[in-house]
2 protein chains.
Amino acid sequence: MSKGEHTRDAILVRAQFVASGAGLQGLSIGRLAADLGLSKSGLFAHFGSKEALQLAVLEAAAARFVAQVLSPALKRPSGVSRLKAVFENWLAWAANSERQGCLLVAATAELDDQDGPARDFLVAMQRDWLASLARIADKAARAGELDGALDREQFAYELQSILLGYHYAKRLFRDDKADTRARTAFARLLASASPENSA
Amino acid sequence: MSKGEHTRDAILVRAQFVASGAGLQGLSIGRLAADLGLSKSGLFAHFGSKEALQLAVLEAAAARFVAQVLSPALKRPSGVSRLKAVFENWLAWAANSERQGCLLVAATAELDDQDGPARDFLVAMQRDWLASLARIADKAARAGELDGALDREQFAYELQSILLGYHYAKRLFRDDKADTRARTAFARLLASASPENSA
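Residues numbered from 1 in each chain as written. Chains lettered and ligands numbered in written order. Predicted model: local features only at pLDDT ≥ 70, side-chain atom pairs only at ≥ 80, totals over all residues. Heavy atoms only, no water.

Caption draft 1: Broad picture of the overall build of chain A. Looking only at helices and strands, chain A has nine helices and zero strands in total. Taken from the N to the C terminus, the helices and strands of chain A come in the order α-α-α-α-α-α-α-α-α. Principal axes of the C-alpha set define a box for chain A whose edges measure 65 × 35 × 30 Å. The burial tally for chain A puts 54% of its 199 residues in the buried class. Partitioning the contacts of chain A with sequence separation of at least 6, the portion at a separation of at least 24 is 67%. With 25 positive and 23 negative side-chain charges, chain A shows a spacing of 5 Å between the two charge centroids. (Helix = DSSP H or I, 4+ residues; strand = E, 2+ residues; numbered from the N terminus. Buried < 20%, exposed > 50% of the residue type's maximum accessible area, 1.4 Å probe, protein only. Contact = heavy atoms within 4.5 Å. Lys, Arg positive; Asp, Glu negative; His and termini not counted. Charge placed at Lys NZ, Arg CZ, Asp CG, Glu CD.)

Caption draft 2: Main features of the environment of alanine 95 of chain B. Residues and elements named next belong to chain B. Mapped onto the fold, alanine 95 is located in helix 5 (residues 80–95). Sequence separation between alanine 95 and arginine 119 is 24 residues, and the spatial gap between their C-alpha atoms is 24 Å. If sequence neighbours within four positions are ignored, alanine 95 has contacts with Tyr166, Lys170 and Arg171.

Caption draft 3: Inspection of the interface of chain B and chain A at higher detail. Taken residue by residue, the interface counts 49 residues in chain B and 49 residues in chain A. The contact between chain B and chain A buries some 4000 Å² in all, and 50% of this surface belongs to carbon and sulfur atoms. Counting the surface chain B buries against chain A, the share from its top three residues, Tyr157, Arg181 and Arg188 of chain B, is 18%. If you look at where chain B meets chain A, you find 10 salt bridges. Between glutamate 153 of chain A and lysine 177 of chain B there is a salt bridge, and its shortest N-O distance comes to 3.8 Å. (Buried area = accessible area lost by both parts, 1.4 Å probe. Salt bridge = Lys/Arg side-chain N within 4 Å of Asp/Glu carboxyl O.)

Caption draft 4: Quick peek at the packing of helix 1 (residues 3–22) of chain A against helix 3 (residues 40–47) of chain A. Residues and elements named next belong to chain A. Between helix 1 and helix 3, whose axes approach to 10 Å, the crossing angle comes to 100°. Here helix 3 runs roughly perpendicular to helix 1, going by the angle between their axes. Where helix 1 abuts helix 3, its residues Gly4, Thr7, Arg8, Ile11 and Leu12 lie against Leu43, His46 and Phe47. Considered class by class, the residues forming the contact of helix 1 with helix 3 number four nonpolar, three polar and one charged. (Axes fitted to C-alpha atoms, helices over the stretch in contact; angles between N-to-C directions. Parallel < 35°, antiparallel > 145°, perpendicular 65-115°, else oblique. Nonpolar A, V, L, I, M, F, W, Y, C, P; charged D, E, K, R; others polar.)

In short, the description is geometric, and any link to function would need to be established separately.
Below is the structure:
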């Protein structure tokens, strides 16, 4: 890694931390530069604009999300066990002490009314995520572990809803029961999608 | 209503609109004053600080939420029909063109790491909301319309998860299917809580 890449990386690590707490709008190039002992012009040389920095922060968070949540699950055997892995990875991600989970969920609420490249990236990333969940469910259904007639997109939507509910309970209420509540909801979703429940 | 109350009201209507798009942190007393043709000192006379303004905005949004979502449902007969009313009122609230629904959901993500009076208010308000959902479910269970052994808090948690999933799909993806997806998830939740499913 060159010195320039190393600096860019350090900026993004710090920027993700700041955005996790203060939102993407809370990113200030001046404050980031001061935090990292860089000049504002030095920081501008890496990102050019606040909008470009926001987009780079989202891209970095998305890459971490894929590496921590999706990729390890895809190494597991396909089927319900892979679904369970991706679910547990998401809980761990959202609860982690670096608050990275927070950033993407917060960004969905922050950017939903703000058109632009950051929003476009987030929409594409979240569509990919829901499509990945639907594909994992599809494999489980094709293997006979879930109902063959399962509506895969509806399943992905409901799984994502459980994850958002977990984030809400865990981070807003700091509720110790959030993990149990989310797992109970997920078990109910799986049970309702089981082959025994098919029409 | 006195002139002072009228001005305070006008500030809060405008501030809710701004915060719906830009977040509570996006509220600027200077910009609000300019939008409304007031002096900054005149606006400060009403709220004293940006923090006090943020809190007042949340309180105003919470009052509108109760008036539009909860109160009309409580006028309906208790039981499953009241649950359905509160569910449909929430969808209408989140989808409305004034984007008020957005404000409270966005605030949960924005404030979850930021201790202070605004966060305390939001936590208390959201606890009340979940407790109201649990109470409505409790009445339905006591009337025999839902399983008597139903875990009311879990039910409220899962209902809230469906509502958050709706907000996500509707506002981030601008997904026309969001209404159908949320209603399908809610029907599944009700079915799993029906007395026929009791152990």
